[in-house]
Number of protein chains: 2
Amino acid sequence: MQEFPLSKVYQLLEPGPVVLLTTLDREGQANVMTLSWHMMVDFEPPLLACVVSSNDYSFNALRASRECTIAVPAVELADKVVQAGNTSGRNVGKFQAIGLTPLPGRQVQAPLIAECFANLECKVIDTRLVNKFNIFVLEVVQAWIDSGQPHPKTIHHQGYGQFVVDGETILIASQMR
Amino acid sequence: MQEFPLSKVYQLLEPGPVVLLTTLDREGQANVMTLSWHMMVDFEPPLLACVVSSNDYSFNALRASRECTIAVPAVELADKVVQAGNTSGRNVGKFQAIGLTPLPGRQVQAPLIAECFANLECKVIDTRLVNKFNIFVLEVVQAWIDSGQPHPKTIHHQGYGQFVVDGETILIASQMR
């Protein structure tokens, strides 16, 4: 994993890929969940928001530790992404059960995922909408990219295990960042 | 436009497409902006969050009227999506300038967009994070689909006018909604 500029983080998340969110709970147990409900909030420092349901086992760890890592999987990991969404850390050590490799981060305790092409270490910076909507606001404090996966195609969830895979890329002259 | 079940709205937005957001200001002027920073918040009633910058001309209309329509364009509208992102309603009547057709909605004053394959009429339900983060929480109160566009491909912004278009679809047995 190589360091990735924080100024470019939004380019990874703005397209709306399914991601994996890792946490570390008070007992030192790492967990991973599948997440599609996220959005960018600001460019730099990169801020994002996500919805982690209070029904999810990761919820308490995220709220208590105020840290997580968001890992972006390419389409080759689609089966593991579904497995992560269909099992709960309540019952199983998911990293081992699914076959994902935790790596230590630099600024947060929640592990990176070796198989993902990008990893974003995040701190929780606002919880005002957690009680009502399960919305966490996060700041990305460290970003990593795997140069061994130079052209990853991401997946986008359309419901009930149906995913659309990145297709062709088009470029239109634009002043938009 | 046919009515679309609110229970399925998340399937349109969860994949993270670029959308258009329309508003109506106090003078009765409709405006439209390009929006990628949105996420689902709950399934039913469908809640979502979005970031509309206080620099955007739509910001005041959205905050004052507490209403908007989110329209989902297919790839054929990519040029118009970029035009909407590169011009401001401060200077120009964007619907006419871009060549988009406003249609009356049923429950909100902000217009639907005839050329988009889906239109979601929304009410603002939470503004606590507007001052700090420009995050609005919305409830979709009415949804419409154009059955004349049965297999639309959406676009996802990767920054600076580069978009990835929906590619192949894969289905993996899953208990996830």
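Residues numbered from 1 in each chain as written. Chains lettered and ligands numbered in written order. Predicted model: local features only at pLDDT ≥ 70, side-chain atom pairs only at ≥ 80, totals over all residues. Heavy atoms only, no water.

Draft legend 1. Region of the structure containing the overall build of chain A. Helices and strands together make up the secondary structure of chain A, namely five helices and 12 strands. For 177 residues, the compact-globule formula gives about 16 Å, and the C-alpha radius of gyration of chain A, at 15 Å, lands near that figure. Oriented by its inertia axes, the alpha-carbon framework of chain A measures out at about 50 × 35 × 30 Å. Expressed as a percentage of its 177 residues, the buried residues of chain A come to 56%. Long-range contacts, defined as pairs at least 24 residues apart, comprise 63% of the intrachain contacts of chain A with a sequence gap of at least 6. Accessible area for chain A stands at about 7200 Å²; split by element, carbon and sulfur atoms hold 47% of it. Here chain A contributes 13 positively and 17 negatively charged side chains, and the mean placements of these two sets differ by 7 Å. (Helix = DSSP H or I, 4+ residues; strand = E, 2+ residues; numbered from the N terminus. Rg over C-alpha atoms; globule rule 2.2 N^0.38 Å. Buried < 20%, exposed > 50% of the residue type's maximum accessible area, 1.4 Å probe, protein only. Contact = heavy atoms within 4.5 Å. Areas by Shrake-Rupley, 256 points an atom, 1.4 Å probe, with all protein chains shown as cover. Lys, Arg positive; Asp, Glu negative; His and termini not counted. Charge placed at Lys NZ, Arg CZ, Asp CG, Glu CD.)

Draft legend 2. The arrangement of the sheet that holds strand E11 (residues 155-159) of chain B in detail. The sheet built from four strands is open, its strands ordered E11(A)-E12(A)-E12(B)-E11(B) with antiparallel pairing. Two strands in the sheet have a free side with no partner beyond their single neighbour: strand E11 (155-159) of chain A together with E11 of chain B. Averaged over neighbouring strand pairs, the angle between their axes works out to 40° when direction is ignored. Pairing of E11(A) with strand E12 (residues 162-171) of chain A involves four bridges; the strand directions are antiparallel. Bridge pairing in E12(A) places His156(A) opposite Val164(A). (Pairing = 2+ DSSP bridges. Axes fitted to C-alpha atoms, helices over the stretch in contact; angles between N-to-C directions.)

Draft legend 3. Inspection of the relation of the copies chain A and chain B at higher detail. Rotating chain A by 180° and translating it 0.0 Å along the rotation axis places it on chain B, where the RMSD comes to 0.0 Å. Taken together, the rotation angle and the small translation identify this as a two-fold axis. In this assembly the copies share their binding face: 100% of the residues contributing to the interface of chain A also contribute to that of chain B. (Least-squares fit on C-alpha atoms with pLDDT ≥ 70 in both.)

Draft legend 4. Just the environment of Tyr10(B), in detail. Residues and elements named next belong to chain B. Topologically, Tyr10 is positioned in helix H1 (residues 9-13). Owing to a relative accessible area of 1%, Tyr10 belongs among the buried residues under this scheme. Of note is the side chain of Tyr10, whose polar atom sits 3.3 Å from the side chain of Gln11. (Polar contact = N/O pair within 3.5 Å; in protein donor to acceptor, adjacent residues only side chain to side chain.)

Draft legend 5. Region of interest: helix H3 (residues 78-86) of chain B. Among the residues making up H3(B), those that are buried are Ala78(B), Val81(B), Val82(B) and Ala84(B). With its buried residues spanning 160° around the axis, H3(B) presents them on a single face. Of the surrounding elements, those touching the buried residues of H3(B) are E12 of chain A together with strand E2 (19-24), strand E3 (30-35), helix H4 (94-98), E11 and strand E12 (162-171) of chain B. (Arc of directions from axis to C-beta.)

Draft legend 6. Molecular detail of the pairing of strand E9 (residues 118-126) of chain A. Residues and elements named next belong to chain A. The buried fraction of E9 is high, at seven of nine residues. Sheet topology note: the strand E6 (residues 67-72)/E9 ladder contains six bridges and is antiparallel. The partner of Cys68 across the bridge, within E9, is Cys122. The sheet contact formed by E9 and strand E10 (residues 135-145) spans eight bridges and is antiparallel.

Draft legend 7. Highlighting the interface of chain A and chain B. The interface of chain A with chain B comprises 54 residues on the first partner and 54 residues on the second. Roughly 5200 Å² is buried in total at the junction of chain A and chain B, and carbon and sulfur atoms are behind 63% of that figure. Among the residues of chain A in contact with chain B, Trp37(A), Met39(A) and Met176(A) are the three that bury the most area, contributing 15% of the side total. Along the contact surface separating chain A from chain B lie zero salt bridges. At the junction of chain A and chain B, the tally comes to 24 residue pairs in polar contact (both at pLDDT 80 or more). Per-element accounting of the side of chain A that touches chain B gives the leading share, 10 residues, to E12(A). Of the residues that constitute the side of chain A that touches chain B, the class distribution is 28 nonpolar, 17 polar and nine charged. In the sheet, E12(A) pairs with E12(B) via seven bridges, with the strands oriented antiparallel. Considered in E12(B), the bridge of Thr169(A) is made with Val164(B). (Buried area = accessible area lost by both parts, 1.4 Å probe. Salt bridge = Lys/Arg side-chain N within 4 Å of Asp/Glu carboxyl O. Nonpolar A, V, L, I, M, F, W, Y, C, P; charged D, E, K, R; others polar.)

Draft legend 8. Summary view of the pattern of salt bridges. By the definition in use, this model includes eight salt bridges over all chains. A salt bridge links Arg128(A) to Asp126(A); the nearest nitrogen and oxygen atoms lie 2.9 Å apart. Using a relative accessible area of 6% as the deciding quantity, one classes Asp126(A) as buried. The residue Arg106(B) makes a salt bridge to Glu3(B) at a minimum N-O spacing of 3.3 Å. Highlighted residues: Arg106(B) in the loop between strand E7 (102-103) and strand E8 (112-113) and Glu3(B) in strand E1 (residues 2-3), separated in sequence by 103 residues.

Draft legend 9. Quick peek at the nonpolar core. By size, the foremost hydrophobic cluster in this structure holds 80 residues, and its most contacted members are Ile70(A), Ile135(A), Ile70(B) and Ile135(B). Those residues in contact with Ile70(B), other than ones at most four positions away along the chain, are Leu13(B), Val19(B), Leu20(B), Leu21(B), Leu48(B), Ala118(B), Asn119(B), Leu120(B), Cys122(B) and Leu138(B). (Core = buried A, V, L, I, M, F, W, Y, C linked by side-chain atoms within 4.5 Å.)

Draft legend 10. How the structure looks around the side chain of Ser58(A). Residue and element names in this part refer to chain A. By the element assignment, Ser58 lies in helix H2 (residues 58-65). Among the residues examined, Ser58 registers a relative accessible area of 1% and is labelled buried. Within polar-contact distance, the side chain of Ser58 engages the side chain of Asn31 at 3.2 Å. Leaving out residues up to four positions away in the same chain, Ser58 has contacts with Thr23, Asn31, Met33 and Val52.

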